[in-house]
Amino acid sequence: MYWYAMKSHDIRHNLATEQYLMNNKQFDEPLVLFYYEGPCIIVGRNQNTLEEIDQKYVEENDITVTRRLSGGGAVYQDLGNLCFSFVVDSDSEEFGDFKSFVQPVVDALHAMGAKSVEVSGRNDILVDGKKFSGNAMYSHSGKTFSHGTLMLDVDQDVIAHALNVPEDKMKSKGIKSVRSRVTNLKPYLAPEYQNLTVPEFRDTLLKELFHVDSLDAIADKEVKIADDEKAAIDQIFNEYYANWDWVYGNSPEFTVKKRQHFTAGTIDARLLVDGGKIENIKFYGDFFGPSDATELAEKLKGVRYDREHVGAVLNSVNTQLYFNGIDTQDVLNLLVD
């Protein structure tokens, strides 16, 4: 088996690296990757990004949002989480057989004292019945990768805020995440492992996977990335993981209902969003204004459905013509929060 520990702490760059290694490197043995990153949310390939995140909270807390190639649900990660990925020839493992892929990691965690760790359901790893790892899989051009999370010491308070969209406000045909009871792995490890940093945890796992006492013993198995390959990875980063069209524009069509009562009247907005942009919007309610609100609706069609772009349209017009007595900022908050 070969291995590579990514240097970047940007999830988008790490996913780009994973994609590049899968598609462009030939290995005569499986490859295992490890990476960890700053606060981020990664949605599954078939999900509606805006339906999975609290956009206002994400923006205010500088949480990176991206979309991965594999399916499954949205996950939150921070520097307390370690990701792993196994890359193999497609014919060496049956697609969807997560248990076979993650078993080496499970065995390593058992050796580190987490005896109650087990694979459960379709793609989760549990400890004492609580989820600390979710896994997803992707195949392309004769290769398959299975990647997963290991919540060592993640800030779980953020998860509840960042991945929290009321079901009655947004509905789409995208694959929904299943919210499970989650926990951190750290308390379940043997005492001598409970104070490990994430990179120390990673290195310990590597030694367990390779059955060696030092990483020096497997230095010849470490993958090297040349400068021209780094340039190719940067291209994937820009084309996919940092690209608005990939992260938001690939979302399936969805509807949004936003209703709020103000002193000057009630606004009930109904939006149809497709490809991350407003395809249609209608305003209902008992508000007053000298101009028809359908004029504003026309201006909003084709606009990216986010605070920046919707706000730019609202700030370019006199919203008092449509919603007399209701502040422009309140209208913006209603539409995008």
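Values in this document were obtained by computation on a predicted structure and should not be read as measured data.

## Some remarks on the overall build of the chain
Then step 1. A count of helices and strands for the chain gives 11 helices and 14 strands.
Then step 2. With the C-alpha coordinates aligned to their principal axes, the bounding extent of the chain is approximately 75 × 45 × 30 Å.
Then step 3. Within the chain, the proportion of its 337 residues that are buried is 51%.
Then step 4. When contacts within the chain are restricted to residue pairs at least 6 apart in sequence, those whose partners lie at least 24 apart make up 70%.
Then step 5. A total of about 15600 Å² of accessible surface is found on the chain, and carbon and sulfur atoms cover 46% of it.
Then step 6. Charge separation in the chain, taken as the distance between the mean sites of 35 positive and 53 negative side-chain charges, equals 5 Å.

## A few points about the nonpolar core
Then step 1. Membership of the largest hydrophobic core comes to 114 residues, with the highest contact counts inside it found for Ile41, Leu109, Phe201 and Phe283.
Then step 2. For this core, the leading source of residues is helix H4 (residues 98-111), giving 7 residues.
Then step 3. Not counting residues up to four positions away in its chain, the partners in contact with isoleucine 41 are Ile53, Val58, Ile63, Thr64, Val65, Thr66, Ala74, Val75, Tyr76, Ala162 and Leu163.

## Focus: the sheet that holds strand S4 (residues 64-67)
Then step 1. Strand order in the open sheet formed by 3 strands is S4-S3-S5, and the pairing between neighbours is mixed. Edge strands, defined here as strands with exactly one partner in the open sheet, are S4 and strand S5 (75-77). Pairs of neighbouring strands in the sheet enclose a mean axial angle of 20°, with direction left out of account.
Then step 2. Of the strand pairs in this sheet, strand S3 (residues 40-43) and S4 are connected by 4 bridges, and their pairing is parallel. Of the residues in S4, the one forming a bridge with isoleucine 41 is valine 65.
Then step 3. Helix H1 (residues 11-24) rests against S3, S4 and S5 of the sheet, and its axis sits at about 25° to S4.

## Let's talk about the packing of H1 against helix H7 (residues 227-241)
What describes two packed helices is the angle between their axes and the distance between those same axes.
Then step 1. Packing of H1 against H7 leaves a shortest axis separation of 8 Å and a crossing angle of 115°. As for how H1 packs across H7, the hand of that crossing is right-handed. On the side of H1, the interface is formed by Arg12, His13, Leu15, Ala16, Thr17, Gln19 and Tyr20, while H7 contributes Glu229, Ala232, Ile233, Asp234, Ile236, Phe237, Tyr240 and Tyr241.
Then step 2. Along the lines of polarity and charge, the residues of the contact of H1 with H7 split into 9 nonpolar, 3 polar and 3 charged.

Procedures and definitions
- Residues numbered from 1 in each chain as written.
- Predicted model: local features only at pLDDT ≥ 70, side-chain atom pairs only at ≥ 80, totals over all residues.
- Heavy atoms only, no water.
- Helix = DSSP H or I, 4+ residues; strand = E, 2+ residues; numbered from the N terminus.
- Buried < 20%, exposed > 50% of the residue type's maximum accessible area, 1.4 Å probe, protein only.
- Contact = heavy atoms within 4.5 Å.
- Areas by Shrake-Rupley, 256 points an atom, 1.4 Å probe, with all protein chains shown as cover.
- Lys, Arg positive; Asp, Glu negative; His and termini not counted.
- Charge placed at Lys NZ, Arg CZ, Asp CG, Glu CD.
- Core = buried A, V, L, I, M, F, W, Y, C linked by side-chain atoms within 4.5 Å.
- Pairing = 2+ DSSP bridges.
- Axes fitted to C-alpha atoms, helices over the stretch in contact; angles between N-to-C directions.
- Left-handed = near helix turned anticlockwise from the far one by under 90°.
- Nonpolar A, V, L, I, M, F, W, Y, C, P; charged D, E, K, R; others polar.

Keep in mind that these numbers describe shape and distance, not what the molecule does.
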